[in-house]
Amino acid sequence: MKKLPVFILFLLLSVSFTYAQEFNFQKAHEDYLFNFNKYRQSYSEYLTAREAYLSYNTLTSKNNAQEKTLKLLQDENEVIRTYLTALRLKLAETTGISNYEENVIYLKLDKEVSWYLNQRDKLMVAINLEDLVALSKESKENYQATDVLSYQALGSVLAGKEINFRNRLNEQIILIKEKLGEIRQKGDKQTVKVERWLLETENLLIKSQEKEFEAQQKLAQLKTNDRYKNKTYNEAQYLFEQSHQYLKEATNQLQEIIREIKTND
Amino acid sequence: MIKIKIGKKFLILFSSIFGGTLIALLAIAIIFGFRQTQVDLLKKEIEKPVTPPEVTQEISNPSPYAHDPIILKIEEEIKEIDKKLQETDLKEASLNPPLLEMDIEFKIEE
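Residues numbered from 1 in each chain as written. Chains lettered and ligands numbered in written order. Predicted model: local features only at pLDDT ≥ 70, side-chain atom pairs only at ≥ 80, totals over all residues.

1. Considering the overall build of chain A
Logical step 1: Along its length, chain A carries seven helices and zero strands.
Logical step 2: If you list the helices and strands of chain A from N to C, you get α-α-α-α-α-α-α.
Logical step 3: Over its C-alpha trace chain A gives a radius of gyration of 27 Å, far above what one expects of a compact globule, namely 18 Å for 265 residues.
Logical step 4: Expressed as lengths along the three principal axes of its C-alpha atoms, the size of chain A is roughly 95 × 65 × 25 Å.
Logical step 5: Within chain A, the proportion of its 265 residues that are buried is 32%.
Logical step 6: Nonlocal contacts in chain A, meaning residues at least 24 apart in sequence, comprise 79% of its contacts between residues at least 6 apart. (Helix = DSSP H or I, 4+ residues; strand = E, 2+ residues; numbered from the N terminus. Rg over C-alpha atoms; globule rule 2.2 N^0.38 Å. Buried ≥ 20, exposed ≤ 12 C-beta atoms within 10 Å, placed from the backbone. Contact = placed C-beta atoms within 7 Å.)

2. Observations concerning the interface of chain A and chain B
Logical step 1: With 51 residues of chain A at the interface, the matching set in chain B holds 31 residues.
Logical step 2: Of all elements in the fold, only α2 (25-56), α3 (59-93), α5 (129-186) and α7 (229-262) of chain A reach the threshold of two or more residues within the side of chain A that touches chain B.
Logical step 3: Ranked by the residues each element gives to the side of chain A that touches chain B, the list is headed by α5(A), at 21 residues.
Logical step 4: Its residues placed into classes, the side of chain A that touches chain B shows 26 nonpolar, twelve polar and 13 charged. (Nonpolar A, V, L, I, M, F, W, Y, C, P; charged D, E, K, R; others polar.)

3. Points about the domain arrangement of chain A
Logical step 1: Under the domain assignment, chain A is made up of domain 1 (23-125) and domain 2 (163-262).
Logical step 2: Using C-alpha coordinates to define each centre, domain 1 of chain A is positioned 39 Å away from domain 2 of chain A. (Domains from an automatic or database assignment.)

4. A short note on the environment of A:Asn264
Logical step 1: Considering the arrangement of structural elements, one finds A:Asn264 in the segment after α7.
Logical step 2: In this structure, the C-alpha to C-alpha distance between A:Asn264 and A:Lys111, residues 153 residues apart in sequence, is 61 Å.
Logical step 3: In contact with A:Asn264, other than residues within four places in its own chain, are B:Asn61, B:Pro62 and B:Ser63.

5. A few points about the packing of helix α4 (residues 99-124) of chain A against α5(A)
Residues and elements named next belong to chain A.
Logical step 1: At a minimum axis separation of 11 Å, α4 and α5 run at an interaxial angle of 160°. Classified by the interaxial angle, the pair formed by α4 and α5 is roughly antiparallel. Along this stretch, α4 crosses α5, giving a crossing that reads as left-handed. Contacts between α4 and α5 pair Glu101, Ile105, Lys108, Leu109, Glu112, Trp115, Gln119, Lys122 and Leu123 from the former with Leu135, Glu138, Ser139, Asn142, Thr146, Leu149, Ala153 and Ser156 from the latter. (Axes fitted to C-alpha atoms, helices over the stretch in contact; angles between N-to-C directions. Parallel < 35°, antiparallel > 145°, perpendicular 65-115°, else oblique. Left-handed = near helix turned anticlockwise from the far one by under 90°.)

6. Here's the deal with α5(A)
All names here are of chain A.
Logical step 1: Helix length check: α5 (58 residues) gives 84 Å between terminal C-alpha atoms against 86 Å at 1.5 Å per residue, within 8%.
Logical step 2: Tyrosine 143 marks where α5 bends most, by close to 30°.
Logical step 3: In the stretch just after α5, glycine 187 is the one whose phi turns positive, near 75°. (Expected span 1.5 Å × (residues − 1). Bend = angle between axes of the 7 residues up to and from the residue.)

7. Thoughts on unusual backbone geometry
Logical step 1: For A:Asn57, which is not a glycine, the phi torsion comes out positive at approximately 50°.
Logical step 2: With respect to the secondary-structure elements, A:Asn57 resides in the loop between α2 and α3.
Logical step 3: Judged by C-beta crowding, with 10 C-beta atoms within 10 Å, A:Asn57 ranks as exposed.
Logical step 4: Positive phi outside glycine occurs at B:Glu92, with the angle close to 50°.
Logical step 5: Its location among the elements puts B:Glu92 in the segment after α2 (69-87).
Logical step 6: For B:Glu92, a count of 15 C-beta atoms within 10 Å gives the class partly exposed.

Have a look at this one:
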């Protein structure tokens, strides 16, 4: 009998562990998209109710408008929280981001999610339409900061991808250099040309890093009161693409280098 | 009796002409049909989606390192990186912040 609570606890833990394992980015993203569609439906209903209230100004229409506004704000809150969760899981599955940077973003994302959870509780106790309008203004103001954080987190995802590729290419360059040292000692093949090519490839990796830094700096300068945050993000994204292009060129050069090593003088 | 003779001659003539024509038509149909099948097959071959052949540039003058396991491993890894670089989505458009209509207002414009 004594073993029963232990067994139940074990069962609960294993179930929660399985759920935690299954809840990945894909699921979180689907969850976000589902909530976004729900939000759009709520927005359309809110517009109709608002129109009716402004036209007839009756108690019934006001009551209906209040209900629809509450529903809209709750769905909006859910959209933001599920979006932030999806973003968090995207960061978690992206390799290349440093632990420090990842933890800093996690803390910021968690803080945002907790702000919206608090806001959701406030919505539940809102008494009238005026309260809801005031709460909506608070959300709108806070969303400016959420927007900045979202773009910066997205930038970290893109940077992480580039860093990961660069690290992998650098590992191969180190291996090639080791092999070239061996070839040089044996003296059965010239290595000067390949060594020069390797330097050129390393320069491409440096250029890729520079573009990536430039993009990150652009995103770091984003401010909550910036009107066109998406424009800045698009500019940063273009820099990431340039960085990516350098990585592609470096990879092509490494393939040429390998071919050269495999060919007799 | 004469009528029958004429009938027989006519019948023989008619059947030989008719039969000959039929055989000739059949032969033409078979020959052209076969050619048509060949043309169709050729067309099908031409219409097949052209998949670019994998570029396997043969090294005519291999060095002692052409089959070196380390070099081959590096080559494989670089190919893999190249493939992933081509596939990478650098837009992540589905993760752009949601566009929300946050102007909730009930003031009646006067």
